[in-house]
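Letter by letter, the chains look like this.
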Amino acid sequence: MEKPRQPLQQGTVYTGTVEGYSSDGCGIVRLDGAVVFVPRAVRGETVDLRITKVMKSSCAGEIVKIHTPSPERATPECPYFGRCGGCDFQHLSYPEELRAKRQRVQDALTRLGGADIQVEEILGAREPTRYRNKSQYPVGPGGSIGFYRSRSHQVVPIDRCLIQSEISDRTAKAVGDWMRRYKVSAYDESTGKGLIRHIYVRVSAAGESLCCVIANGKQLPREPELAALIQAAAPKTAGVVLNTNTRPGNVILGDKYRTIWGRDFLMDTLCGLEFKLSVPSFYQVNRAQAEVLYNKALEFAGLTGRETVLDLYCGTGTITLCLARRAGRVIGAEIVPPAVADARENAARNGIENVEFFCGDAAAVALRLEAQGLKPDVVTVDPPRKGLAAEVIASIAGMGPERVVYVSCDPATLGRDVKIFTGFGYRADRACAVDLFPGTRHVETIVLLQRENS
């Protein structure tokens, strides 16, 4: 008779081999049938690991000793790696990071989506550092400025971040200098007291920047001095904006904006088009890789110039306007009013007339358009991380498009939604991953869903 396996014991050291990676970048080691998640472990390494936590179906562990380091192991350039929760893969070579992300997408489509499909490729970034054009720095209760420690709201102070723009880092430091110089308080989540909550910076391809200070109030002390310090740190600052957020919770932006100095928007160029970007407007944070992503989405859409296209979650109209250059008619839908206003202005600025935008929840807009008898040839979606609501998928299927191009920032919800689409007669035909977030666990995916009876 086979001897029953003993459960792993917390605090005990075991030896095992790293088989792969979890969705959050931990190495996976299997010991006596149990799965152990080990931070900063690299595939192929044999390690001694200590069990730090025993859970119902898995364990957490930490490396005690690496017997033979993998050739794919890298020395993190960032001094905050392991303390700051922003990055997950700085201990890996970039090719190994891309392999891990591609496998994650493949597993989601196969295991969660039930799709008989291979991820064709993962398109990596030419420049995996300093790529973010939007930065959001939380401010800790003591005035520390940085990023949250993993799985917490404890701010790790940072001087520079290797995935943010240097302009953003300098701007955030200038706000911190202003706070110290004029004794401006930081917001404390636990008490609801204090003023400064977040520092938000957006940077254009031309190096212009827009700074938004998120505060627990409608006024800031020494506003002219704040604007002057920001301009001194980033001379191409286009504007300084105050956002008021007096609500408890971790939502960053409130609903009210006031321009302290300059203007409240940036201009940027993407895929040969000009875009106006206000603070709340959605815009991909990696400009160069966004162009790669959108070009692949256009390839999947297969447009000939005659099609009617519906673009849900259109943001400021970036992909909508790219589609409009190759389609007969495009309709964009977005729930954020300032983003819709920007989208309409962007269409006019670029001389694109075969596009219209609706402001509203994707489910409501899709239901309304379906009820009106809209029959798009192609539907594109780029939803938030939570994916598509079931009623949105049903409405899309009810319109009967030949093709659905699904752009996703979360492989798990993508896999779930692909499976739901299958129930409505759509099959996953092509899939490609694009790395918009080097160093982090996040990855974008494009899936082409084809109507079965087309």
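Residues numbered from 1 in each chain as written. Predicted model: local features only at pLDDT ≥ 70, side-chain atom pairs only at ≥ 80, totals over all residues. Heavy atoms only, no water.

### Description of the sheet that holds strand β6 (residues 122-123)
(1) Moving on: Spatially, β6-β21-β22-β20-β19-β16-β17-β18 is the arrangement adopted by the eight strands of the open sheet, whose pairing is mixed. Two strands bound the open sheet, and with one partner strand each, they are β6 and β18 (355-359).
(2) Moving on: Relative to strand β17 (residues 329-334), strand β16 (residues 308-312) runs parallel, the two sharing five bridges. Paired with L310 across the two strands is I331, which belongs to β17. (Pairing = 2+ DSSP bridges. Helix = DSSP H or I, 4+ residues; strand = E, 2+ residues; numbered from the N terminus.)

### Regarding the packing of aromatic side chains
(1) Moving on: Inspection of the entire model under this criterion finds four aromatic pairs.
(2) Moving on: Plain terms: the ring middles of Y137 and F147 are 5.1 Å apart, the flat faces sit at 35 degrees to each other, and that makes the pair tilted. Here Y137, found in strand β7 (residues 134-138), pairs with F147, found in strand β8 (residues 146-148); they are 10 residues apart in sequence, far enough to count as distant. Neither Y137 nor F147 differs from the other in exposure class; each is buried.
(3) Moving on: On the basis of an interplanar angle of 55 degrees and a centroid distance of 6.5 Å, the ring pair of F275 and Y283 is categorised as tilted. In this structure, F275 and Y283 share a single accessibility class: buried.
(4) Moving on: Here the basic side chain of R197 rests over the ring of Y187, its NZ or CZ set 4.1 Å away from the ring centre.
(5) Moving on: Here the basic side chain of K276 rests over the ring of F265, its NZ or CZ set 4.7 Å away from the ring centre. (Phe/Tyr/Trp six-rings, centres within 6.5 Å; stacked < 30°, edge-to-face > 60°. Buried < 20%, exposed > 50% of the residue type's maximum accessible area, 1.4 Å probe, protein only. Lys NZ or Arg CZ within 6 Å of the ring centre and 35° of its normal.)

### What about helix α3 (residues 223-233)?
(1) Moving on: Along α3, the residues classified as buried are E223, L226, A227, L229, I230 and A233. For α3, the angular spread of buried residues about the axis comes to 165 degrees, placing them on one side. Across α3 from its buried face, at more than 90 degrees, point the exposed residues P224 and A232.
(2) Moving on: Structurally, α3 contributes buried residues whose contacts are with α2 (166-181), β11 (209-215), β12 (237-244) and β13 (256-262). (Arc of directions from axis to C-beta. Contact = heavy atoms within 4.5 Å.)

### Section: the environment of D24
(1) Moving on: In this structure, D24 sits in the loop between β1 (13-21) and β2 (27-31).
(2) Moving on: Excluding anything up to four places from it in sequence, D24 contacts D88, R151 and R441.
(3) Moving on: For D24, the side chain forms a polar contact with the side chain of S22, separated by 2.4 Å. (Polar contact = N/O pair within 3.5 Å; in protein donor to acceptor, adjacent residues only side chain to side chain.)

### Let's talk about the sheet that holds β11
(1) Moving on: Across the sheet, which stays open at both edges, the five strands sit in the order β7-β10-β11-β12-β13 with mixed pairing between neighbours. Looking at strand neighbours, the two that pair on one side only are β7 and β13, the edges of this open sheet. Each strand of the sheet is rotated relative to its neighbour by a mean of 20 degrees, with strand direction disregarded.
(2) Moving on: The strands touched by α3 within the sheet are β11, β12 and β13, with β12 carrying the most contacts at an inclination of about 135 degrees. (Axes fitted to C-alpha atoms, helices over the stretch in contact; angles between N-to-C directions.)

### Description of the pattern of salt bridges
(1) Moving on: Summed over all chains, the structure comprises 28 salt bridges.
(2) Moving on: Across the pair E19 and R30 runs a salt bridge whose closest N-O atoms are separated by 2.9 Å. Separated by 11 residues along the polypeptide, E19 in strand β1 and R30 in strand β2 bring together distant segments of the chain.
(3) Moving on: Given the relative accessible area of 46%, E19 is considered partly exposed.
(4) Moving on: The class of R30 is partly exposed, set by a relative accessible area of 48%. (Salt bridge = Lys/Arg side-chain N within 4 Å of Asp/Glu carboxyl O.)

### Side note on unusual backbone geometry
(1) Moving on: Located in the positive-phi region is C271, a residue other than glycine, with phi close to 55 degrees.
(2) Moving on: Examined against the element boundaries, C271 turns out to sit in the loop between β14 (265-270) and β15 (273-278).
(3) Moving on: Owing to a relative accessible area of 15%, C271 belongs among the buried residues under this scheme.

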